[in-house]
4 protein chains.
Amino acid sequence: MIIVLDRKATQEDIDRVAERVQAVGLRVHLSRGTERTVIGVIGDERQLDPEAIQVLPGVERVVRILHPFKLASREFKEAPTIIRLPDGTEIGGAKIVVMAGPCAVESEETLLETAKMVKAAGASVLRGGAFKPRTSPYSFQGLGEEGLRLLARAREVFGLPIITEVLSPQDVELVSQYADILQIGTRNMQNYSLLQAVGRSNKPVLLKRGMMSSIEEWLMSAEYILASGNHEVILCERGIRTFETYTRNTLDLSAVPIVKKLSHLPVIVDPSHGTGKWELVKPMSKGAIAAGADGLLIEVHPQPERALSDGPQSLRPEIFSEVMRELVPVARAVGREI
Amino acid sequence: MIIVLDRKATQEDIDRVAERVQAVGLRVHLSRGTERTVIGVIGDERQLDPEAIQVLPGVERVVRILHPFKLASREFKEAPTIIRLPDGTEIGGAKIVVMAGPCAVESEETLLETAKMVKAAGASVLRGGAFKPRTSPYSFQGLGEEGLRLLARAREVFGLPIITEVLSPQDVELVSQYADILQIGTRNMQNYSLLQAVGRSNKPVLLKRGMMSSIEEWLMSAEYILASGNHEVILCERGIRTFETYTRNTLDLSAVPIVKKLSHLPVIVDPSHGTGKWELVKPMSKGAIAAGADGLLIEVHPQPERALSDGPQSLRPEIFSEVMRELVPVARAVGREI
Amino acid sequence: MIIVLDRKATQEDIDRVAERVQAVGLRVHLSRGTERTVIGVIGDERQLDPEAIQVLPGVERVVRILHPFKLASREFKEAPTIIRLPDGTEIGGAKIVVMAGPCAVESEETLLETAKMVKAAGASVLRGGAFKPRTSPYSFQGLGEEGLRLLARAREVFGLPIITEVLSPQDVELVSQYADILQIGTRNMQNYSLLQAVGRSNKPVLLKRGMMSSIEEWLMSAEYILASGNHEVILCERGIRTFETYTRNTLDLSAVPIVKKLSHLPVIVDPSHGTGKWELVKPMSKGAIAAGADGLLIEVHPQPERALSDGPQSLRPEIFSEVMRELVPVARAVGREI
Amino acid sequence: MIIVLDRKATQEDIDRVAERVQAVGLRVHLSRGTERTVIGVIGDERQLDPEAIQVLPGVERVVRILHPFKLASREFKEAPTIIRLPDGTEIGGAKIVVMAGPCAVESEETLLETAKMVKAAGASVLRGGAFKPRTSPYSFQGLGEEGLRLLARAREVFGLPIITEVLSPQDVELVSQYADILQIGTRNMQNYSLLQAVGRSNKPVLLKRGMMSSIEEWLMSAEYILASGNHEVILCERGIRTFETYTRNTLDLSAVPIVKKLSHLPVIVDPSHGTGKWELVKPMSKGAIAAGADGLLIEVHPQPERALSDGPQSLRPEIFSEVMRELVPVARAVGREI
């Protein structure tokens, strides 16, 4: 940590800052420049709250040197984390993992039909929401436990592991009884009670990036889960909110190589929510794989125009098959399989 | 709702859309232009999911005509909502309400000292966090129930109603036993389980705007609480996330007159989080009152440099007194009292 | 400047950085921490391009300590800059200055009518565009020199100094022959040829903030004008682009006290463009004055529904008079006159 | 265009709106709903200024149906525009075009060395800035005409067409004497004088997206050039400004398929400015090509640490060669050559 003092800082101000730093067992290194005096903090700065220093009289600015996350960092763990599902599917390994299915689980028939088709097209995991976070209290909120049962039934029939969202700490236990992967949605990325609850579960967690969260905040939310004891976290870029209104969100593919550099955790991309338009799913899926993503999360619905949620961004099964076929050479071009 | 058809839409496409609209009991009005055919929907469009129409073949765009919120709207209730606390304090009435106190409750001594001073300076409500949402799992997370007890003790001594944040649905009952107002923080604005839980409580709820939320989404979150049966919602603008990094957030004061126009709910402003810098609290408090806010939420700490959370934006008590004094003529200039 | 080295940086890397710093006459101060080595640069860091250091092998991050602007800074000039117009009007002094008029000059009759009314209501400067930057090449682009002549005529008749926008370096001379203040629009805030051209003129310049420019970039653009020899710069906050779509821009009133702290230049606010809605002009004008602005730039049109540009945000003259009347007590409440 | 009336609109209001629409030769279509009356405009809505309607009494909202650009649209011209440079290089055809070189032209030696290497690696166009838009008036502003001469010399020696930026309308003639493609930078995307000036030249124009511009505004700026008579416009996505600070900009790859859908103009991607970090150039170049871009604009410098501008995002020649080699299979995977 670097503490920049105000040009009018007094010796007393400097002493007070030094004392504060030393109080938590760190050392200071004073550097007097022509325009500013700067104090360097020696030791693990994470023990020191930047805000507590920022407010001291005579302090102009505090600059952190280290990333605030630790367990999630590459420095902590060099080797990439590979997550194994019960059926042997690996996330973060050489093979690209595609998770596909409807936004919301609606009926047994629709779900089984979708599961059959996405499996045939090459998906490895079935997605589907039983508890749905909806902007409007008047919209369809999901089938709840009945939806979970239908997902489990689809897994039984087609052998596809399932991923589904959990919205509330109270539901973690219930959802864990059915799901192979627990999904944390974008609106809950900083719902710390929920992060701690899934951190105490023994299921892998897919953590979506908050629609207005920085990459650092996203990794801090992963840190919450890791620090609670669950080391199986998959990150999922799903678009961020910007001034552009043509797309629902702006898919930030640069997050993929950045996360790969900063962290050992696998990272996948959701081009369906990331764009909000089904016709952009194919080009952005290709872009994501080419940029280094470990997988994709794609919405597929047999009849998007009858979907109870997120129809405009859902692919028809035949388009999904086409996407999967066209992804094969792209994956190969970057040394991966799909 | 207006449905704009693609210039290549066929008669079959038009019929399919019309059928869909009529299926929920609404009527269609067809308008053939030179470049596009447009279908107007007649009836309460809120019964129709825009997404389900958007995906129909031949549809180019769907435009909602009505706001998606109802109970929160001025159309539903013309008269402004005024919320009365047990001690008679009114929020949304002629008098500006100032809620002040430390970001986090830290100790009985500090809390009582702060309460005494903010009351003397003219605050009507004491704020303080017992459950704290922190970006890092390694930061101080609040005193929990012990913090609630200290708040209750401060109320007993100084007669100030208290407001404190609730983070999780499980905690709503506990927090309601102590608090006069339940606060929903910015990161939980779309935590729907939590919104429904406070919606079932009988305490007024202060709903902070999500740092990434549009005004419409904010009012939709208020709608969740109202639709769950709790009609006492106070909105709180606390800054949105933009590209500007000089301030922690960009305080959107235009949200005040906009909310006043769209909704009957009271709206207050949090200049402390809204800027992240204590020296901006005074000018932005004045700006907020002049723009029509019903109140302020201000962080005050006897020694900001010793605060366990949000020190840089906390006011020393003597500065808070100064702010309160200088607000008097501003409030008067816009026909209010403070 | 602080140079943070990579944890894997070698002695050779350190030496190379030191050599680079010393090459421009600055000194280095080495600080070896437990996790990182940090190099402090001693001397005026503005001589060193942070990017040239950033790319050196072994460098993780470069942190500037000083603001990159100099002539525009409070450190350079403590006393506030007050700009005097030919008729004695002062901008940046105790009196709030209101500049009002139509977005575009359309006809002599309309302009004179507006000028008469805004003067009667208390405006000190007449605004009006002769060269209009329009998003569409098919929209009305302004009357050009004829518009300038009409403005000069209005000044002659009513004694109001005039402000008008200049779009291109070639036009600076022409516009300077007519205008009392040259306006640089939001889209040209980083049009450096234009900034240099107005920097060489002898007319005060009103520099609007870029709709997606940080406060630091804005002050750097002011620096361009100051460094070209023109010391009479007025800053104008006019809203920034965010994800919120209800308003045309998000008016950032916190920019007012921030600019006041960082710079000696006067700062005014444009609530018309800043919100894009006439009904928000009144509350945001009050908010701006209460937050410390030195003035306002307001669009007024005798018949907004007949305006050739920006009608939705223009005030009818009677509303403008009302705004002016209601601003009087607000200005007084913060110790100013209007 | 759809005009939504206020629920309190009177018959007089309706008549006034209708009259306004009919005055420019368009027809109205009235639709009375249960909650709102809606007026549909029949005919080419581009003749009607939405703002002029928006301000009419009783109007709640105006919704445009058509895109405001015409010449740039796919509706106007279905076939993709292919631009041919003097040496036969085609932009927008089957072959991916890579434009590479230093940010700024610095010296003959460096430029020729870079040109040689980028040509050997497979680049088709040499980039280099002679006139540089710099945030600070104290930074290196480019060599001016001397830089243009050096570029022309490099073209002569290596046979590479050259692209360079033009900053001011006065310079268009001069720059056109040397350059094969005129570049409009991100800060000048809405510098309409400049757009009109290059629109009157006979050189292809590369139009960078404004860092703060929507895709629609970008296409409107292209429309300015097309409407001035120059039909050879290449669009270049170069990152937009968001809240994320890890990268200099957020590269919006979804803009590629969107532009391809809305317009017939070729679109390329600048991953150097788009990310600001050289190590992100490779993955984002792959992502761009996989998503459908027609080319890339990449900064290459023989010694980035000695570059006078934008060093951190410049590739060393050996890394550039590596990028080019690895792009070959990606291009092939999406049916293109490079």
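Residues numbered from 1 in each chain as written. Chains lettered and ligands numbered in written order. Predicted model: local features only at pLDDT ≥ 70, side-chain atom pairs only at ≥ 80, totals over all residues.

A few words on the overall build of chain A. The helix and strand tally for chain A stands at 11 helices and 14 strands. Projecting the C-alpha coordinates of chain A onto the three principal axes gives extents of approximately 75 × 45 × 40 Å. For chain A, contacts bridging at least 24 residues in sequence account for 65% of all contacts bridging at least 6. (Helix = DSSP H or I, 4+ residues; strand = E, 2+ residues; numbered from the N terminus. Contact = placed C-beta atoms within 7 Å.)

Taken domain by domain, chain A holds domain 1 (2–63) and domain 2 (83–333). Placing a centre on the C-alpha atoms of domain 1 of chain A and another on those of domain 2 of chain A gives a separation of 44 Å. (Domains from an automatic or database assignment.)

Turning our attention to the sheet that holds strand 4 (residues 59–63) of chain B. Residue and element names in this part refer to chain B. The strand order 2-3-1-4 describes an open sheet built from 4 strands, whose pairing is antiparallel. Two strands bound the open sheet, and with one partner strand each, they are strand 2 (27–32) and strand 4. Each neighbouring strand pair of the sheet contributes to a mean axis angle of 20 degrees, computed without reference to strand direction. Two elements, strand 2 and strand 3 (residues 37–42), share 6 bridges in a ladder whose sense is antiparallel. Opposite Ser31, over in strand 3, you have Val38 as the bridge partner. Sheet strands in contact with helix 1 (residues 11–23) are strand 1 (2–5), strand 2, strand 3 and strand 4, and its direction is about 10 degrees off that of strand 3. (Pairing = 2+ DSSP bridges. Axes fitted to C-alpha atoms, helices over the stretch in contact; angles between N-to-C directions.)

Note on the copies: chain A fits chain D at an RMSD of 0.0 Å, the axial shift is 0.0 Å, and the rotation between them is 180 degrees. The symmetry that links the two subunits is that of a two-fold axis. Within chain A, Gly287 of chain A has its C-alpha nearest the rotation axis, a separation of 2.0 Å. Looking at the interface residues of chain A, 97% of them are also at the interface in chain D, so both copies use one shared face. (Least-squares fit on C-alpha atoms with pLDDT ≥ 70 in both.)

Another aspect to go through is the relation of the copies chain D and chain C. You can overlay chain D on chain C at an RMSD of 0.1 Å; the transform is a turn of 180 degrees with a shift of 0.0 Å along its axis. The residues that chain D uses at the interface reappear at the interface of chain C in 100% of cases, marking a shared surface.

A separate point is the sheet that holds strand 11 (residues 205–208) of chain D. Strand-to-strand pairing in sheets goes through backbone hydrogen bonds, with the strands running parallel or antiparallel. The sheet built from 8 strands closes into a barrel, its strands ordered 7-8-9-10-11-12-13-14 (chain D) with parallel pairing. Each strand of the sheet is rotated relative to its neighbour by a mean of 25 degrees, with strand direction disregarded.

The next point concerns the interface of chain D and chain C. Between chain D and chain C, the contact holds 35 residues from the first and 35 residues from the second. For the side of chain D that touches chain C, the secondary structure elements donating two or more residues are helix 2 (50–54), helix 6 (192–199) and helix 7 (215–227) of chain D. If one sorts the elements of the side of chain D that touches chain C by residue count, helix 7 of chain D sits on top with 5 residues.

Tallying the contact residues gives 32 residues for chain A and 31 residues for chain D. Broken down by element, the side of chain A that touches chain D gets its largest block of residues, 6 residues, from helix 10 (residues 281–290) of chain A. Here the side of chain A that touches chain D is composed, by residue class, of 20 nonpolar, 9 polar and 3 charged. (Nonpolar A, V, L, I, M, F, W, Y, C, P; charged D, E, K, R; others polar.)

Residue and element names in this part refer to chain D. Side chains of strand 1 (residues 2–5) alternate between two faces, with Ile2 and Val4 and Ile3 and Leu5 buried alike. Note that strand 1 and strand 3 (residues 37–42) share 3 bridges and pair antiparallel. Bridge pairing in strand 3 links Val4 to Val38. Direction of pairing for strand 1 relative to strand 4 (residues 59–63): antiparallel, over a ladder of 4 bridges. Paired with Leu5 across the strands is Val59, a residue of strand 4. (Buried ≥ 20, exposed ≤ 12 C-beta atoms within 10 Å, placed from the backbone.)

Quick look at helix 6 (residues 192–199) of chain A now. Residues and elements named next belong to chain A. Burial runs high along helix 6: 8 of the 8 residues are buried. What helix 6 keeps buried is the set Tyr192, Ser193, Leu194, Leu195, Gln196, Ala197, Val198 and Gly199. Taken together, the buried residues of helix 6 touch helix 5 (172–178), strand 10 (181–184), strand 11 (205–208) and helix 7 (215–227).

Residues and elements named next belong to chain D. One can describe the packing of helix 10 (residues 281–290) onto helix 11 (residues 317–333) by two numbers: an axis separation of 9 Å at closest approach and a directional angle of 20 degrees. The angle between helix 10 and helix 11 falls in the class roughly parallel. For the element pair helix 10 and helix 11, the recorded crossing hand is right-handed. Where helix 10 approaches helix 11, its residues Val281, Lys282, Ser285, Lys286, Ile289 and Ala290 are matched on the opposing element by Val323, Glu326, Leu327, Val330, Ala331 and Ala333. Broken down by class, the residue content of the contact of helix 10 with helix 11 amounts to 8 nonpolar, 1 polar and 3 charged. (Parallel < 35°, antiparallel > 145°, perpendicular 65-115°, else oblique. Left-handed = near helix turned anticlockwise from the far one by under 90°.)

What follows deals with the confidence of the model for chain A. Averaged over every residue, the pLDDT of chain A is 93; the share at 70 or more is 100%. Across the interface, the model reports ipTM at 0.93; the global pTM reads 0.93. (pLDDT = per-residue confidence, 0-100.)

Turning next to the environment of Ala255 of chain A. All names here are of chain A. Structurally, Ala255 is set in helix 8 (residues 255–262). In this structure the C-alpha to C-alpha distance between Ala255 and Val267, which are 12 residues apart in sequence, comes to 9.0 Å. Beyond its immediate stretch of four places on either side in the chain, Ala255 contacts Arg209, Ile215 and Glu237.

Here the focus is the environment of Ile181 of chain B. Residues and elements named next belong to chain B. Residue position: Ile181 is located in strand 10 (residues 181–184). Separated by 23 residues in the primary sequence, Ile181 and Pro204 have C-alpha atoms spaced 5.0 Å apart. Leave out the neighbours within four places in its chain, and Ile181 touches Ile163, Lys203, Pro204 and Leu206.

This part is about the packing of helix 3 (residues 108–121) of chain A against helix 4 (residues 145–158) of chain A. All names here are of chain A. Between helix 3 and helix 4, whose axes approach to 10 Å, the crossing angle comes to 40 degrees. Looking at the two axes, helix 3 sits oblique to helix 4. Once helix 3 is placed against helix 4, the crossing between them reads as right-handed. Facing Glu108, Leu111, Leu112, Ala115, Lys116 and Lys119 of helix 3, the residues of helix 4 in contact are Leu150, Arg153, Ala154, Val157 and Phe158.

All names here are of chain D. Inspection of the secondary structure puts Gly295 in strand 14 (residues 295–299). Using a count of 27 C-beta atoms within 10 Å as the deciding quantity, one classes Gly295 as buried. Among all residues touching Gly295, those that are not within four sequence positions of it are Ile91, Ile96, Val97, Val98, Met99 and Ile268.

Turning our eyes to something else, we now look at helix 11 (residues 317–333) of chain A. The end-to-end C-alpha distance of helix 11 of chain A, which contains 17 residues, comes to 25 Å, matching closely the 24 Å that a straight helix rising 1.5 Å per residue would cover. At Leu327 of chain A, helix 11 of chain A is bent by approximately 30 degrees, the largest bend along its length, and proline Pro329 of chain A sits one to four residues beyond. All buried positions along helix 11 of chain A are accounted for by Pro317, Phe320, Val323, Met324, Leu327, Val330 and Ala333 of chain A. Looking at the packing, one finds that the buried side of helix 11 of chain A touches strand 7 (97–101), helix 3, helix 10 and strand 14 (295–299) of chain A together with helix 10 and helix 11 of chain D. Gly335 of chain A sits one or two residues past helix 11 of chain A and shows a positive phi near 75 degrees. (Expected span 1.5 Å × (residues − 1). Bend = angle between axes of the 7 residues up to and from the residue.)

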